[in-house]
Every structure is written in structure tokens, then in C-alpha cells.
Amino acid sequence: MSNYTGRVHDGHANNGAAVAGKAHRVAAAAQPPVAAGAKSATTRRASSNQAAQQVKLVELDNAHCSLSSPTAMPLAAGFLWNPRMMIHMTARGYATAQFMQPEPSKYAHAQILEAKHFMLPEQRTYAHHPGRFFFVKDRDTGSIFSAPYEPTRAPLDSFSFDVSPSLIRWDIKAQGVRVDLRLTLPVDDACELWEARITNLSTAKKRLGFYPAFPLGLLSWMNQSATYDRELNAVVADSITAYQKTKDYFKNKDLKDKVFLLSEQHPESYETRQSAFEGEGGLHNPDAITSEIMSGGDASYENPIASLQFDHELNAGETTTHRFLFGPAFDKAEIKQLKDKYLSASGFDKAQRNFEHYITSGRGAVRMASPDAHFDAFVNTWLPRQVYYHGDTNRLSTDPQTRNFLQDAIGTVFVAPETSRKTLLKALTQQHANGALPDGITLYDGAELKYINTVPHVDHSLWLALFLDAYLNETGDYSVLDELVEAKEDGKQLSVRDRADKAMRYLITAVDERGLHYILEGDWNDPMNMVGWKGKGVSAWMTLATAYALKLWATLCEDDGRDGSEFSVAADAMNKAVNTHVWDGDWFGRGITDDGVVFGVKVDDEGKIYLNPQSFAILGGGADKEQTERIVRAVEQHLEGPFGVEMLAPSYTHMRDDVGRLTQKYPGVAENGSVYNHAAAFYIYALFGAGYADKAHSLLRRMLPGPDVSDYLARGQLPIFVPNYYRGAHKTHPKAAGHSSHLFNTGTAAWMYRSVVEGLLGLRGCRAGLRVAPNLPSQWPSVRVTRQFRGATFEVHVTRGAEPKLVCEGKVLSDSVITDIQAGKTYRVEVVLPNAQ
Ligand code: CEZ
């Protein structure tokens, strides 16, 4: 069992006139089809000769209809159908096809299908991906580039992209012009604050055109438009969120269906039609930019773009500064309000200062200086920033999965404990009468459980104990246990303590005759949906994790002056049941299916070993010392790779319909054997607790990209957040292995932070105070840490020596706990660890 506490331890009109000149290019296409097999070179030449003759734009007879220009009527199309499908085909070659299965479906798609509630940052961006583009044109030479780079992709003389916690900056030099772009956000409004400084770097006067162009995409198939509003000095797009159910009218009518691009300087002209903006030049060389002046077009039921034109004459070295606001709004009044509030030098300054203050108030509980400065920077700034983001935004969801809600709050325990406290109280208002926590927590009245939250998962309740363990030990706020919480479901008022008891007792009863916990359609693992969907299958991970939760709660009961044996006895029984039915000699299996098949074991060709049961067996005492050693070796052999520890191996290559959709995910992706960092962090946390400091540190370090160039290239990600996964299956898919998912919504942040504070640095709270037990890797001779804890500051210096000791404020302590901590005080702590062997 883990030793953390000593007890237990978690987006044309060229009309007829212009047509004649262009018609020759396409005359061949207007010819009647040639007989199959007769597409000789002669036929093609004959067609071209005809091109010189006058061609009508459109020809129609009984048998056909022809069009001679692809540009005059860009949406001209024909369609074909059969009982199972239809295809709508434009003259330019675009197609929209649907087939029935039995609901209408598409089989060829836009390069990326925007999912309303997900981010898909791992998939490549594409030319029409929503972007913030700033075109610059030399009005004398006509040459164009765009900053930061897309969509012209013109060569730049220099490029710099600089992310700081509250500001993103680009410094771009091209064609004798420097563009200094800055993006920041206000604290209280949904809008982007853009500043662009354009400088003439040459020794002569330059006549420049500057054009921000923000494509808006398909706003709505019901109603979309855009125009330039002189009074506001803004492009304003309007739409009606598409819906079909009558009741949705009442929900949607208050939505912010407008989008605006407000400018501080007055533009020469504007264009709000995406198609006119691009013209025939395309996004990389748009007609709106190559022409002398934008046409001032209004979008009426067509995809809009917010683009503006500014002409400047800049002397050598001269700079002009633009400010823009971009965002959604309900009405014009709101846009005006935002303009008055922000659109000035002082408005930007103030907003930037406030925003910086907001971001930096999410500072973490430790600052460290180790031999690994790269890692230090991540721990000191970027990781707590990610933790803070999660806790403060709930990942921008209105119905967070309960487990995510509670685990994100485990992270904010170290960053913004008052947020964690609110999370706890909110979650408990939604506890069911039987003690179980629901699949998701609705954050406002009227919010609904959606998507994954409509699939029954069994694990949500157990995170309550893990949360309480982290929260109480960090804050010492045991008074929260007395808080009365009224449950929505039955209106009953119960204390936090009683509600936690109820949740734990519910977990104790949700087991089968063997004492193993049911899985239904998932546990922590969302796509493990078919192990127990018939109601019989059990989860070894769930059983082991429940044992861990129960042990933690038992300990907290004792800390609270109560008898927790009811919970520890139940925990022991669960650990025993898993050992009896799912221990496979060197590791624990993952579960037993509805049909009684143990899986995640040696006899399996795929999905032989899963990481999570091993981690929680170590954490919750399901594995004894010898089993732990076997587990660590097995994980080393089967799951450890260059980019971290994988979640299972070998990755599945075909559906196992007694396991579920996780086996349908691409090998090495997400739950199908990636380095799923959330799971890796559990393991790392467990390893630190079990005394495997070197291995834990090595795996922890592999979660962070860099500093080697080769590692950056392999991961493709900046080291400013930990992604939910890196591609795994390194043995079978070595080329993709390591690639980042780029998704920064992940429970990893909380657990990684906790692993650093409590595991690596060994500065973990307990009821009595601060337990000091660093787990430094053997290659670290020393580390300095400033730890904020319960209002006090601890300046900790860890070194190595022949005589291990702990000294606080000059006094040698006999055990590892610093007690009687006074808020406001600074403590000097010296720790001498045994020399590395
Ligand atoms: O979501 C996460 C969940 O937010 O997957 C974890 C789970 O513990 C987290 O609560 C492991 O299953 O549905 C799916 O197949 C996806 O795998 C999502 O559930 C997944 C997203 O990748 C976000 O990380």
C-alpha cells in the first residue's frame, strides 16, 4: 500500500460580359459527352478548336443543359438520385452526396467536421479553417503577404510566435515591413482584443494596404448575413441559430447570434462576402486584396467574412497601430458597450493588466529550482496555469462529467482551494437519494446531461473520497464536513460528512456475488462500454479504485474522530476479491466480461495488460510489496516507451464486442494504447507513493516535450501544457508514436501537479500539518522549493548527505511532520536525504 500518509494514501459574379473572355478555357467541358473509349487526342483537339468560336453561356434542349463558364454562376449544379442516395454536383466540381442508413448520412466530408462540443486539435487545419488573417500589400509593387503566415504562406524574413500566460504575440518581418501582432482577452467578456503595429522597416516611404480578414464560416443554414456598420465602425454579421424543435425557439431567442469585428481606425472599405473576398484568386491571393479597393459587399444569406481595408503611407521607420475587437454579441447595444469599454489604447492597457492579474492569481503552491530548469519552468508557471484553467472554466462545459469535475478540483486544491470547495458543495447537491453521484453535474438550472453523460458509468462516486483526501489534507478545512447540503432530488439536507458516507456505502453495495464491482457501460474508461452492458460484467480497476477510495475515507473518518472501520473492512474485501479472481501472476487483469471472460491478461493477444488496475492496486493496497515489484517490471516490459507509459498493450486492431468501442479506436490513439497522460499520472503518483522515485521521475519527465529538438519534432507541441495523450503503440506504429493530441482538456494536469507537489517534492499535507518526504531522482543532488501551505510559506532546501535529517527553523524534527503551522509565517526547512546509491 502507498505510503503517502503513513496510512493510505490519488470553422460572382462575373456576369455574362466577363464570360466571353474566359469561356475558351472551358469550352471542352460544354461538349456533349463522347462515346466511351473515344476520348482520343483528336477529339480533345477538336474541342479546343471550337473554343475559339463564340460560345453561349447556357444551352438547353430536350436532352441536356450546358454551361460554358465555371465562374459566371459558381453554384450552378445538377443532381442525381436513387432510392438510397442522392448527389448534388456543381459545375465547378463540388459535390454534396447523402445516403440513407436509415437516417441521412454523408460519406465524403469537409476536411474536418466541426464537432460542437469537442476540440479536435490533433487533426490538420485546412485552407478554410477559421483563422485570424492580416494581409499586407505593397500598393506600389502589388506584392502581398499575410501575418502571421496563413493563408498566403508567403515567405517571411523572420517569424516569431510568443506565448506568455496572458498574451500571445507574433513578430513578423517580410517585404520590408514588420507586423507586431498581439492577442489578449478581457476578463469578463467574450471578445478578442487584437493589436497590430505595422512598421516600415525600409529607408524609403511605403504605400501599404493592411487588411484584417476573419472568415466566419457557415453561421446558420436558416439565416446569415453581414454588413459594415458605419456608426460602430465594425463589420457585423447576423444569424439565427438553426433549430427545428419548437421549444428550442424559446431557448435560442436570447443567444448571441451576432459576430462583430470592431476597428479603432476607419477603413477605406470592407468586404463581408467570403466568396467575393476570395474571388478567383482564392484564399491565398484573394481578389479583395489584389484589387485597388475592396468592393464594400454585404453578405445576404451567404457565408460571411469580416474584412477591412486600411491604406497607409508610412515613412521610413514609421509605425501605425491598429486595435480591433472580435467576438459574439446579442445586439448592437452590446457591441457599442464593448467598444466603449475596450477599443482605445487605455482600454486595451487596462484590460491587459486586469487579464494578467486574473491569470497570475492562479499561481500554484510550489516554485522549484532543480537541476532541470526546463521542468522547473513547467511546474512553476505552465502546469498550475493549466490546472487553474480547468478549475475556473470547467473545461467550458455546462455538464462536466462528475469524475472530471471532482478531479479538476483536486488540482485547484493547490491553486484556488475556494474553487475546489464550491465544486464539492455543487456536486453534492446532485447526489442521488441512494448515495450515488450522477454521471455529470449540471452547472445551471436548465442545463442537461448530454453526450457521454447519457451513458451509465459506475465510478463517479469514488472520486468524492479522492477529492476529500486531497482537499482536507491540503487545506485542513475539516469544517467543510459539517456543511449542510440540500440535494435537488429529494430536498433533504445532509452534511458533507453524511453525504460522503452515503456515497461510500453505495459503492460498497454495487458489487456482484464475488465482491467485484459492476461496470455497466463504463468506469473511468469512457469507451469501455461493452464489458458489462448486459448487467453482469465487472471491472477490476473499479473494484481496486473503490477499495482505495474507501481506505482514504476510512482514514479521513479517523482524522475526523470517527470510526472508519466499516469502510476499511469493505476495502479489504474488495482487494481480496480482485486478488482471488483477477490476479494474473504478474499483473491484474482489467475485468470480467458479461460472459465471464477475464480480460487484460496474458492469454490475450491484444489488450494484454492495462495500466489503471496496476496503479490503483498500488495506491489502495490491492497489491502487496512483491506484487508491486512484479507489476512495475511488467509495466516496464509491456507499457513503457520513449514517450511515456502507455495505457494498454498491445493496442487493439479489431473490435472486441465484449470490451467496447475503445477497441475500435485507432491503435495507439486515446484509450487504445496511447500514452494517455491521465492514466500515466495515476501510475506516477502511485510509484512515488511506493518508493519508486527514479522510475516515477523518469515517466513524469516524459510527459513534458523537450528540450531536445528531436523530442519537439516527435511530439509537435510546445511545452506549455500537458496534452491528454501522446500517440502510443510505439512498437507497431513507431512513426506516429509521440505525436501530441494537442488537447489541453485533461485530468492529467491535476494529477501531474499533485505528483510533483506530493510525490516528487514530498510536501504533502496531513491533518497535523505538513509532511516532508521528498522523492528526488537519484541524479538530483539537491532542490530548492518554496511551498505555500495553509497560509504559510516554507522555504525548503533539500540536499543529500550521510546523515538524513529534517530541520525546521533550526530545530531537528524527529518525525517528518511540521506541526503548529501559523498562517503568515515563513519557515526555513532543511532536508538531508540519504546519498544516492
Ligand atoms: O474523455 C475523457 C473523459 O473526459 O476520457 C477519459 C475519462 O476518464 C474522462 O472523464 C478516459 O476514458 O468518449 C471517448 O471515447 C473519449 O475518450 C472522451 O471520453 C475523452 C476525450 O478524449 C477527452 O479527453
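Every chain is numbered on its own, with residues counted from 1 as its sequence reads. Only residues with pLDDT of at least 70 are given local features in this predicted model, and only at 80 or more are side-chain atom pairs given and counted; all residues enter the totals for whole chains, interfaces and linings. In computing side-chain properties, one takes all heavy atoms of the structure into account and sets aside hydrogens as well as water.

A.B. asks: Can you help me understand the sheet that holds strand E39 (residues 817–819) in this one?
C.D. replies: Pairing between the strands of a sheet comes from backbone hydrogen bonds, and it takes one of two forms, parallel or antiparallel. With antiparallel pairing, the three strands of this open sheet are ordered in space as E33-E34-E39. Looking along the sheet, the strands with just one partner apiece sit at the ends: strand E33 (763–766) and E39. In this sheet, neighbouring strand axes are inclined to one another by 30 degrees on average, regardless of whether the strands run parallel or antiparallel. By definition, two strands form a pair when at least two bridges between them are found by DSSP. Helix and strand definitions follow DSSP, with helices as H or I runs of at least four residues and strands as E runs of at least two, each counted in order from the N terminus. Relative to E39, strand E34 (residues 769–772) runs antiparallel, the two being bridged by three bridges. Looking at E39, one finds that Gly-769 is bridged to Thr-819. In this description, a line fitted to the C-alpha atoms serves as the axis of each element, helices being fitted only across the stretch in contact, and the angle between N-to-C directions of two axes falls anywhere from 0 to 180 degrees.

A.B. asks: Would you mind showing me how to read the pattern of salt bridges here?
C.D. replies: Two side chains bearing opposite charge may form a pair once their charged atoms approach each other closely. Between Lys or Arg on one side and Asp or Glu on the other, a salt bridge is scored when a side-chain nitrogen of the former is within 4 Å of a carboxyl oxygen of the latter. Scanning the model with the defined rule gives 56 salt bridges in all. A salt bridge links Arg-178 to Asp-180; the shortest N-O distance between them is 4.0 Å. Whether a residue is buried, partly exposed or exposed follows from its accessible area with a 1.4 Å probe, protein chains only, as a fraction of its type maximum: under 20%, in between, or over 50%, in that order. Judged by its relative accessible area of 5%, Asp-180 is buried. Taken together, the shared-partner salt bridges connect Asp-482, Arg-497, Asp-501, Arg-505, Asp-560, Arg-562 and Glu-566 into one network.

A.B. asks: For this particular structure, what's the right way to read a nonpolar patch on the surface?
C.D. replies: On the surface, Tyr-149, Phe-159, Phe-161 and Leu-718 cluster together into a nonpolar patch covering about 380 Å² of accessible area. Structurally, Phe-159 is set in strand E9 (residues 158–164). The residues that make up patches have over 30% relative accessible area and no salt bridge, and they are joined within 9 Å when like-charged or within 5 Å when they are Val, Leu, Ile, Met, Phe, Trp or Tyr. Computed with a 1.4 Å probe, the accessible areas rest on the Shrake-Rupley method; for each residue, only the protein chains presented here act as cover.

A.B. asks: Quick question: what am I supposed to make of the packing of aromatic side chains here?
C.D. replies: Here a ring pair, both rings aromatic, is described through the centre-centre distance and the interplanar angle of the planes. For this analysis, a ring pair means two rings from Phe, Tyr or Trp (six-membered ring only for Trp) whose centres lie within 6.5 Å, classed as stacked if their planes differ by under 30 degrees, edge-to-face if by over 60, and tilted for the remaining angles. Applying the stated rule across the entire model yields 38 aromatic pairs. Its end group placed over the ring of Trp-587, Lys-602 keeps NZ or CZ at 5.4 Å from the ring centre. A ring has a charge above it when a Lys NZ or an Arg CZ is no more than 6 Å from the ring centre and no more than 35 degrees off the ring normal. In this structure, Arg-767 packs its charged tip against the face of Tyr-478, placed 3.8 Å from the ring centre.

A.B. asks: Please explain the domain arrangement of the protein as it appears in this structure.
C.D. replies: By a widely used convention, the size of an interface equals the accessible area lost when the partners come together. For the protein, the domain assignment lists domain 1 (15–358), domain 2 (397–510) and domain 3 (761–834). What fixes the domain bounds is an automatic or database domain assignment. Of note, the centres of domain 2 and domain 3, computed from C-alpha atoms alone, are 32 Å apart. Overall, the association of domain 2 and domain 3 removes approximately 580 Å² of surface from exposure, summing both partners, and the carbon and sulfur fraction of that is 36%. Two parts placed together each lose some accessible area; with a 1.4 Å probe, that loss summed over both constitutes the buried area. The three residues of domain 2 that bury the most area against domain 3 are Asn-473, Glu-474 and Tyr-478, which together make up 76% of that side's buried surface. Run the count over domain 2 and domain 3 and you get two salt bridges. Taking the shortest distance from any N to any O, the salt bridge between Glu-474 and Arg-787 comes out at 2.7 Å. As used in this structure description, the phrase polar contact means that two N or O atoms lie within 3.5 Å; if the pair is within protein, one of them must be able to donate a hydrogen and the other to accept it, and residues adjacent in sequence are counted only when both atoms belong to side chains. Remark: the boundary between domain 2 and domain 3 carries four residue pairs in polar contact (both at pLDDT 80 or more). Note on residue categories: nonpolar means Ala, Val, Leu, Ile, Met, Phe, Trp, Tyr, Cys or Pro, charged means Asp, Glu, Lys or Arg, and polar means any other residue, Gly included. Classifying every residue of the side of domain 2 that touches domain 3 gives three nonpolar, three polar and two charged.

A.B. asks: When you look at the packing of helix H11 (residues 462–475) against helix H13 (residues 540–559) in this model, what are you seeing that I'm missing?
C.D. replies: At a minimum axis separation of 8 Å, H11 and H13 run at an interaxial angle of 40 degrees. What the angle tells us is that H11 and H13 run oblique. Our pair here, H11 against H13, has a crossing hand that is left-handed. In contact with Leu-462, Trp-463, Ala-465, Leu-466, Leu-468, Asp-469, Leu-472 and Asn-473 of H11, H13 contributes Trp-541, Met-542, Ala-545, Thr-546, Tyr-548, Ala-549, Leu-552, Trp-553 and Leu-556. To sort the angles, those under 35 degrees are grouped as roughly parallel, those over 145 as roughly antiparallel, those from 65 to 115 as roughly perpendicular, and the leftovers as oblique. Crossings are sorted by hand: turned counterclockwise from the far helix by less than a right angle, the near helix makes the crossing left-handed, and turned clockwise it makes it right-handed. Contacts are assigned to residue pairs with any non-hydrogen atoms lying within 4.5 Å of each other.

A.B. asks: How should the site of the ligand be read in this particular structure?
C.D. replies: Taken together, the neighbourhood of the ligand is formed by 13 residues, with Asn-404, Trp-524, Asp-526, Lys-665 and Glu-671 sitting nearest. The contact in question runs from an oxygen atom of the ligand to an N or O atom on the side chain of Asp-526, over 2.6 Å. In the environment of the ligand, an oxygen atom lies 2.8 Å from a nitrogen or oxygen atom belonging to the side chain of Arg-661. About the coverage of the ligand: the protein hides 84% of its 490 Å² of free accessible area. Tallied by class, residues from the shell around the ligand come to four nonpolar, four polar and five charged. Being near a molecule or strand, for a residue, means having at least one of its heavy atoms within 4 Å of it.

A.B. asks: Explain the environment of Leu-338 here, please?
C.D. replies: Mapped onto the elements, Leu-338 comes out in helix H6 (residues 332–342). Leu-338 gets classed as buried once you look at its relative accessible area, which sits at 4%. In this structure Leu-338 touches Asp-189, Phe-260, Leu-325 and Leu-343, once residues within four positions along its chain are discounted.

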